[in-house]
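The residues making up each chain are set out below.
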Amino acid sequence: MIRNTLLAAAMFLLTLTAAAQWRVGLTAGADYNSYSINKQYLEDFHCSGRWGVTLGATAQYNFFDWLGVRADLNWTQKNHREKRSLVPIDYKVRNNYLQLPVMACFSFGGQKWRGFCNVGVYGAYWMNGRINGTDYNSFSNKIYSVSQDKEFYSERDKRWDCGLVGGIGVEYRFAEHWGAQLELRCYYSTTSTVKQTDHVKDYRYNTTTAMQAGVCYYFNGKKK
């Protein structure tokens, strides 16, 4: 009984090894970030989305032709715009994150053209930011320009942004060891960018949609 179990396990591992395939690659694209907030009493406060850039490196291990696990390390901008309607305040905020999504990858199709979908979780670390726009001084009743680095306040802000990620795309195998991908991906944050207090529940979340293209190298080559 034990010998048969070990034999079956060894055959299963050999099957996985034969089907497995490593690939690495680079990705680049544009993203649009929406910033949702709980306005509470700030009725004249408005947030809108802004475009940004995403760049990264990726590695994927395929257990079977249709199933793999993928991890990306990317630099992603999660930008937004803040305006006040009662006073002339208008901020364009740029946020730079180092991001790591880990996903299960499901694929289907032929050897040359394949569709795929990715689903998993991600963690992102806020590195730095920049604010440009206009502000208002109520004492002098003057409008002035703002162009400065965004300061991080540890008592208010959170550096970590975590949540769910999913994407769909298409892959084209144009050479034995090379392929190209085009993917539409969404990062849905479940972590507020600011800390909560007993008096104020100021929840703020990022939702980032990215359109990215990439090229990847397959170590095992294309099946004949």
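Residues numbered from 1 in each chain as written. Predicted model: local features only at pLDDT ≥ 70, side-chain atom pairs only at ≥ 80, totals over all residues. Heavy atoms only, no water.

Draft legend 1. Fine view of the overall build of the protein. Looking only at helices and strands, one finds 1 helix and 10 strands in the protein. For the protein, the N- to C-terminal ordering of α and β elements is α-β-β-β-β-β-β-β-β-β-β. Across the 224 residues of the protein, 35% fall into the buried class. Counting every atom, the protein has about 13000 Å² of accessible surface; 63% of that belongs to carbon and sulfur. (Helix = DSSP H or I, 4+ residues; strand = E, 2+ residues; numbered from the N terminus. Buried < 20%, exposed > 50% of the residue type's maximum accessible area, 1.4 Å probe, protein only. Areas by Shrake-Rupley, 256 points an atom, 1.4 Å probe, with all protein chains shown as cover.)

Draft legend 2. Geometry of empty space enclosed by the protein. Under the counting rule described, the total for this entry stands at 1 cavity of 30 Å³ or more. In this structure, the largest cavity occupies an estimated 110 Å³ of space. For the lining of the largest cavity, the per-class residue count stands at 6 nonpolar, 7 polar and 3 charged. (1 Å grid on protein atoms, 1.4 Å probe; cavity = no way out; pocket = protein on both sides within 12 Å on 5 of 7 lines; lining within 4 Å. Points joined across faces, edges and corners; volume = space filled by probe spheres on them. Nonpolar A, V, L, I, M, F, W, Y, C, P; charged D, E, K, R; others polar.)

Draft legend 3. Summary view of the pattern of salt bridges. Inspection of every chain in the model, using the stated rule, returns 9 salt bridges. With a shortest N-O distance of 2.6 Å, Asp90 and Arg81 are connected by a salt bridge. Its relative accessible area of 16% is what places Asp90 among the buried residues. With a relative accessible area of 27%, Arg81 lands in the partly exposed category. Put simply, Arg185 and Glu183 hold a salt bridge, and the shortest N to O gap is 2.9 Å. Within this structure, Arg70, Asp72, Glu183 and Arg185 form a network of salt bridges that share partners. (Salt bridge = Lys/Arg side-chain N within 4 Å of Asp/Glu carboxyl O.)

Draft legend 4. Up close: the pairing of strand 7 (residues 142-149). Sheet topology places strand 6 (residues 113-137) next to strand 7; 8 bridges connect them, and they run antiparallel. Bridge pairing links Tyr136 to Ile143 in strand 7. The hairpin formed by strand 6 and strand 7 contains 4 residues between the paired strands, and Asn141 there has a positive phi angle of roughly 55°. (Pairing = 2+ DSSP bridges.)

Draft legend 5. View of the side chain of Glu82. The topology assignment puts Glu82 in strand 4 (residues 80-84). Of the side chains with opposite charge, Arg204 lies nearest to the buried Glu82, which makes no salt bridge, at 4.4 Å. Polar side-chain contacts of Glu82 include one of 2.8 Å to the side chain of His80. Ignoring any residue separated from it by four or fewer positions in sequence, one finds Glu82 in contact with Tyr35, Phe45, His46, Cys47, Ile89, Asp90, Tyr91, Val93 and Arg204. (Lys, Arg positive; Asp, Glu negative; His and termini not counted. Polar contact = N/O pair within 3.5 Å; in protein donor to acceptor, adjacent residues only side chain to side chain. Contact = heavy atoms within 4.5 Å.)

Draft legend 6. Summary view of the nonpolar core. Counting residues in hydrophobic clusters, the biggest one holds 7 residues: Tyr97, Met103, Tyr122, Ala124, Trp126, Val165 and Tyr187. At the level of secondary structure, the elements contributing two or more residues to this core comprise strand 5 (89-109) and strand 6. For this core, the element with the most residues is strand 6, which contributes 3 residues. Once residues within four sequence positions are removed from consideration, Val165 is found in contact with Pro101, Met103, Asn118, Val119, Gly120, Val121, Tyr122, Arg185, Cys186 and Tyr187. (Core = buried A, V, L, I, M, F, W, Y, C linked by side-chain atoms within 4.5 Å.)

Draft legend 7. Region of interest: the pairing of strand 4. Of the strand pairs in this sheet, strand 2 (residues 45-62) and strand 4 are connected by 5 bridges, and their pairing is antiparallel. The residue of strand 4 that forms the bridge with His46 is Lys83. Across 5 bridges, the pairing between strand 4 and strand 5 is antiparallel. Bridging across to strand 5, Glu82 finds its partner in Tyr91.

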